[in-house]
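# Reading the structure
The residues making up each chain are set out below.
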Amino acid sequence: MRRGGIASTTVLTGVMFIALLSFSRLVVWAGDVSISASVVQTPEPVAANPIVQFIGIASPSAKVTVKRAGELLTTLTADAQAGFDLTLSDQPTGKVTYEIAALDAAGDSLAPLTFALDLKSGTTTIVSGVFLGPSIEVDKPAVKLGENVNVFGATAPQSKVTMTVSSTTTKTFTIEADASGKWKKLLATRDLGVGTHTAKARAVTKENVVSSFSSAVSFVVDALDPADGKKPADINTDGKVNLIDFSILLFYWKQKNPANPRADINGDGTVNLIDFSIMLFQWDGT
Ligand SMILES: [Ca+2]
Ligand SMILES: [Ca+2]
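Just so we're clear, the structure is a prediction, and the values are computed from it rather than from any experiment. (Residues numbered from 1 in each chain as written. Chains lettered and ligands numbered in written order. Predicted model: local features only at pLDDT ≥ 70, side-chain atom pairs only at ≥ 80, totals over all residues.)

What follows deals with the overall build of the chain. Looking only at helices and strands, the chain features four helices and 16 strands. Looking at the chain residue by residue over its 286 residues, the buried ones come to 29%. Here the contacts in the chain between residues at least 6 apart in sequence split such that 64% fall between residues at least 24 apart. (Helix = DSSP H or I, 4+ residues; strand = E, 2+ residues; numbered from the N terminus. Buried ≥ 20, exposed ≤ 12 C-beta atoms within 10 Å, placed from the backbone. Contact = placed C-beta atoms within 7 Å.)

What follows covers the packing of helix α3 (residues 243-251) against helix α4 (residues 273-281). Two packed helices can be described by the angle between their axes and the distance between those axes. Two elements in contact, α3 and α4, have axes separated by 11 Å at closest approach and are oriented at 180°. Of the possible angle classes, the one that applies to α3 and α4 is roughly antiparallel. Counting all contacts with α3, which are made through Asp-245, Phe-246 and Leu-249, the residues of α4 involved are Asp-275, Phe-276 and Met-279. Partitioning the contact of α3 with α4 into residue classes produces four nonpolar, no polar and two charged. (Axes fitted to C-alpha atoms, helices over the stretch in contact; angles between N-to-C directions. Parallel < 35°, antiparallel > 145°, perpendicular 65-115°, else oblique. Nonpolar A, V, L, I, M, F, W, Y, C, P; charged D, E, K, R; others polar.)

Attention now moves to the environment of Ser-128. Mapping Ser-128 onto the fold places it in strand β8 (residues 123-131). On the basis of neighbour count, Ser-128 is assigned to the partly exposed category, with 15 C-beta atoms found within 10 Å. Along the sequence, Ser-128 and Asp-85 sit 43 residues apart, while their C-alpha atoms lie 8.8 Å from each other.

In spatial order, the strands read β10-β16-β15-β12-β13; together these five strands make up an open sheet with mixed pairing. The open sheet has two edge strands, β10 (142-144) and β13 (170-176), and neither has a second partner. Averaged over all neighbouring strand pairs, the angle between strand axes comes to 25°, with direction disregarded. As paired strands, strand β12 (residues 160-166) and strand β15 (residues 195-204) are joined by seven bridges and run antiparallel to one another. Paired with Thr-162 across the bridge in β15 is Arg-202. (Pairing = 2+ DSSP bridges.)

Further remarks concern the sheet that holds strand β14 (residues 182-188). The strands making up a sheet associate through backbone hydrogen bonding, with each pair oriented either parallel or antiparallel. An order of β9-β11-β14 is seen for the three strands of this open sheet, with the pairing classed as antiparallel. Only two strands of the sheet have a single neighbouring strand rather than two, namely β9 (137-138) and β14. Looking at chain direction, strand β11 (residues 148-154) and β14 are connected through seven bridges and run antiparallel. Bridging from a neighbouring strand, Ala-154 pairs with Lys-182 of β14.

Before going further, it helps to examine the environment of Met-279. Here Met-279 lies in helix α4. Between the C-alpha atom of Met-279 and that of Val-241, which follows or precedes it by 38 residues, the distance is 7.2 Å. Excluding anything up to four places from it in sequence, Met-279 contacts Ala-233, Val-241, Asp-245, Phe-246, Leu-249 and Ile-265.

This is the structure:
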């Protein structure tokens with residue numbers, strides 16, 4: 001009887017129903033995380049401190065940390081399939097806030113989740129279906145229009161990652177994570193346009209468990225400058241170093257910080273013989 005028989009199982013069903021109702025108010029979501037919680041009644045009437053168990057998904061070999069009211073409680077490593085299962089014994093009663101965070105195998109952060117639970121003495125609270133949002137990084141914070149940007153991260157192996165890239169419009173991309181949970185998308189900035197773009201992602205496992213959203217990362221796509229790729233001595237940026245550039249050089253001759261900064265070819269603050277020698281060196285003629 002102390003180990004729990006048919007009678008106590010019947011009681012448990014009723015308790016679980018009440019617990020689910022109350023948990024629907026107590027759990028703080030981050031996105032559409034599906035969470036089930038149950039309360040198991042122990043035979044002892046009082047005394048035992050609450051037990052909390054978190055079962056979820058991060059990324060393969062992620063370092064998962066649990067904080068209670070901001071204080072680090074425990075750290076563990078997710079398995080090769082990204083799963084983790086941790087039990088916290090001897091927890092306080094009353095309203096308690098837990099934060100679950102994780103770093104993927106490369107050290108990048110997955111999106112943390114926070115849970116506000118109301119713990120009762122002598123109970124075990126199981127929070128399952130906790131799927132942390134993927135880690136997400138961008139390889140360059142700023143590029144010129146036409147260059148590529150890589151957005152990448154980690155999540156559950158073989159899960160389907162949906163990434164949105166937003167600025168004035170939103171584009172959606174679908175990527176499959178590989179066997180080690182890594183995902184990557186090469187973005188052609190010519191398709192995105194000039195401006196600041198913000199990317200975020202979420203994942204769905206093959207078993208249809210949906211993650212919360214990742215953090216957002218931003219990158220800037222700058223318009224091409226007419227001078228991009230041109231020789232420094234091509235002062236008027238027409239593609240040739242010739243007499244036109246030489247006449248501009250003469251116009252600003254001996255000036256400090258000329259109104260046309262390109263006339264100071266080496267950028268040392270003065271238009272002089274050094275700039276002229278660079279021009280001769282880069283000379284195209286005619
Ligand atoms: Ca020129
Ligand atoms: Ca100069």
